[in-house]
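Notes for the structure review
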Amino acid sequence: MDVQLINIGKKYEGRSNYTLRNINLEIKDKDFCVILGPSGCGKSTLLRMIAGLNSITEGDMYFGERRMNTVPPKDRDIAMVFQSYALYPHMSVYDNLAFSLTMKKENPKVINERVLEAANVLQIEEYLHSKPSEISGGQRQRVALGRAMVRKPKVFLMDEPLSNLDAKLREHMRVELVRLHHSLDTTTIYVTHDQTEAMTMATKIILLDDGIIQQDGPPEEFYNQPANLFVATFIGSPTMNLFQGRMSDGVFVSLDGDIHITPSEDDATALAAYEGKEVTVGIRSERFISGGELGDTFRAEIEVVEMLGKEKLLYGKLPKGQSITISVPGHFEYHPGEEHSFGYDIEAIHYFDSSTTNRIV
């Protein structure tokens, strides 16, 4: 089912500021849409508005062709999975899975078929007669997902469902959730503050900050074409390197003079209007070049080398003291205290307007 939000705003009674402002987005049928952002940005509020648990102050919300502003949660044909699992501890896994259908007085045969189908998909058949306290955190999360599945909703809503799991189990459950989404083909809206979850699971990301959408689109766009400096620094680990400077005779020169970058031909055209103006350059750690023909270069002293297996992260500083992070293949030899020259992949450099923080090119 398509979900559409038009000029949605939310302001709580007694507060002067809006929690959410001018939210316009369209989530297509069968999308896996991740609402991403830092704590307090309004992402859970937005999810609760979609669920009908929070009222809409202004704007319109549609599921398909139906306006949903005042439709009660029970009539929205949604299922929600919470961070806390919210399982009934005195009930078996089977009864937890069947609970919503039992409350609707569904045919017992239908209930049994749906519970067994969900248990099979989630591989929890052997735990159907166990209590939640007798199974692991990952298994409890699967039960929570199964309880939503048996309702066969038009829209799944998930509020940070993996945040209580350890790192290894979160990685496993990310894969399971994507597989589940592919098998169910149901519109899914998922809230998280974890960029890894967003980048690995989403078909569409909505990035919020301070109640405003900063960018929306597929994950690749966020990494390769960030709309502004907030997006550029929020997405990606390690964080994008940023350098403040000016355009001078068509060349970017950092304010401290350590960095000189001659833009590519295409970028130079867009940057012509910024001659003499302040510009911020962003470079991801893996886009630096070492060895061979480097073109424009800079010197950096290596302070810390972090071995991550297939890559090494070099934490260093430029001559005037600015910190820099460079990623190199894991088999390259670099050591703390050494000084090296590096170049840039000029096709992968991001330029931002320093005053507006918006992307130039």
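Keep in mind that what you see is a predicted model, and the values were worked out from it rather than measured.

Definitions and limits used
Residues numbered from 1 in each chain as written. Predicted model: local features only at pLDDT ≥ 70, side-chain atom pairs only at ≥ 80, totals over all residues. Heavy atoms only, no water. Helix = DSSP H or I, 4+ residues; strand = E, 2+ residues; numbered from the N terminus. Buried < 20%, exposed > 50% of the residue type's maximum accessible area, 1.4 Å probe, protein only. Contact = heavy atoms within 4.5 Å. Areas by Shrake-Rupley, 256 points an atom, 1.4 Å probe, with all protein chains shown as cover. Lys, Arg positive; Asp, Glu negative; His and termini not counted. Charge placed at Lys NZ, Arg CZ, Asp CG, Glu CD. 1 Å grid on protein atoms, 1.4 Å probe; cavity = no way out; pocket = protein on both sides within 12 Å on 5 of 7 lines; lining within 4 Å. Points joined across faces, edges and corners; volume = space filled by probe spheres on them. Nonpolar A, V, L, I, M, F, W, Y, C, P; charged D, E, K, R; others polar. Salt bridge = Lys/Arg side-chain N within 4 Å of Asp/Glu carboxyl O. Pairing = 2+ DSSP bridges. Axes fitted to C-alpha atoms, helices over the stretch in contact; angles between N-to-C directions. Parallel < 35°, antiparallel > 145°, perpendicular 65-115°, else oblique. Left-handed = near helix turned anticlockwise from the far one by under 90°. Disulfide = S-S within 2.5 Å. Phe/Tyr/Trp six-rings, centres within 6.5 Å; stacked < 30°, edge-to-face > 60°. Lys NZ or Arg CZ within 6 Å of the ring centre and 35° of its normal.

Here we take up the overall build of the chain. For the chain, the count of helices and strands is nine helices and 20 strands. Considering the chain as a whole, with its 361 residues, one finds that 47% of them fall into the buried category. For the chain, the share of sequence-separated contacts (at least 6 apart) that also reach a separation of at least 24 residues comes to 66%. Surface summary for the chain: the accessible area is close to 17400 Å², and the carbon and sulfur share equals 47%. The averaged location of the 51 negative side-chain charges in the chain is 10 Å from the averaged location of its 38 positive side-chain charges.

This brings us to empty space enclosed by the protein. The full count for this structure, using the stated rule, is one cavity of 30 Å³ or more. Around the largest cavity, the lining residues are Phe32, Phe156, Met158, Leu177, Leu180, His181, Leu184, Thr186 and Thr188. Contributions of two or more residues to the lining of the largest cavity are made by strand E7 (155-159) and helix H5 (167-184). Ranked by the residues each element gives to the lining of the largest cavity, the list is headed by H5, at four residues. Tallied by class, residues from the lining of the largest cavity come to six nonpolar, three polar and no charged.

Moving on, we get to the pattern of salt bridges. This structure, assessed with the given rule, holds eleven salt bridges. Put simply, lysine 152 and glutamate 117 hold a salt bridge, and the shortest N to O gap is 3.4 Å. One end of the pair, lysine 152, is in the loop between helix H4 (137-149) and E7; the other, glutamate 117, is in helix H3 (residues 108-122), and 35 residues separate them in sequence. Taking relative accessible area as the criterion, lysine 152 reaches 47% and is therefore assigned partly exposed. Its relative accessible area of 43% is what places glutamate 117 among the partly exposed residues. Linking aspartate 216 and lysine 204 is a salt bridge whose minimum nitrogen-to-oxygen distance equals 3.2 Å.

Let us look at the sheet that holds strand E15 (residues 288-289). On the basis of which strands lie adjacent, the open sheet formed by five strands has the order E15-E19-E16-E17-E18 and antiparallel pairing. Edge strands, defined here as strands with exactly one partner in the open sheet, are E15 and strand E18 (323-329). With seven bridges joining them, strand E17 (residues 311-317) and E18 adopt antiparallel strand pairing. Looking at the pairing, glutamate 311 lines up with proline 329 of E18.

With that settled, the discussion passes to unusual backbone geometry. Along the chain, serine 237 connects to proline 238 via a cis peptide bond; the corresponding omega equals 0°. With respect to the helices and strands, the residue proline 238 is situated in the loop between helix H8 (229-234) and strand E11 (241-248). For lysine 105, which is not a glycine, the phi torsion comes out positive at approximately 60°. Position of lysine 105 among the secondary structure elements: in the loop between helix H2 (93-103) and H3.

Bringing the packing of H2 against H4 into the picture now. Running from N to C, H2 and H4 cross one another at 30°; their axes reach a closest spacing of 7 Å. Judged on the interaxial angle alone, H4 and H2 are roughly parallel. Where H2 crosses over H4, the two elements pack in a sense that is right-handed. Packed against H2, whose contacting residues are Val93, Asn96, Leu97 and Ser100, the element H4 presents Val143, Gly146 and Arg147 at the interface. Among the residues forming the contact of H2 with H4, the class breakdown is three nonpolar, three polar and one charged.

On to the state of the cysteines, then. Inspection of the entire model under this criterion finds zero disulfides. Cysteine cysteine 33 remains unbridged, with the sulfur of cysteine 41 as its closest cysteine sulfur at 13 Å. With a relative accessible area of 0%, cysteine 33 lands in the buried category. Relative accessible area serves as the criterion here: at 2%, cysteine 41 is assigned to the buried category.

With that settled, the discussion passes to the packing of aromatic side chains. Inspection of the entire model under this criterion finds eight aromatic pairs. Their ring planes at 25° and their centres at 6.0 Å tell us that tyrosine 334 and phenylalanine 342 sit as a pair that is stacked. The ring of tyrosine 274 is capped by lysine 277, whose NZ or CZ atom sits 5.9 Å from the centre of that ring. Across from the ring centre of tyrosine 223, 4.0 Å away, lies the NZ or CZ of arginine 284, which sits over that ring.

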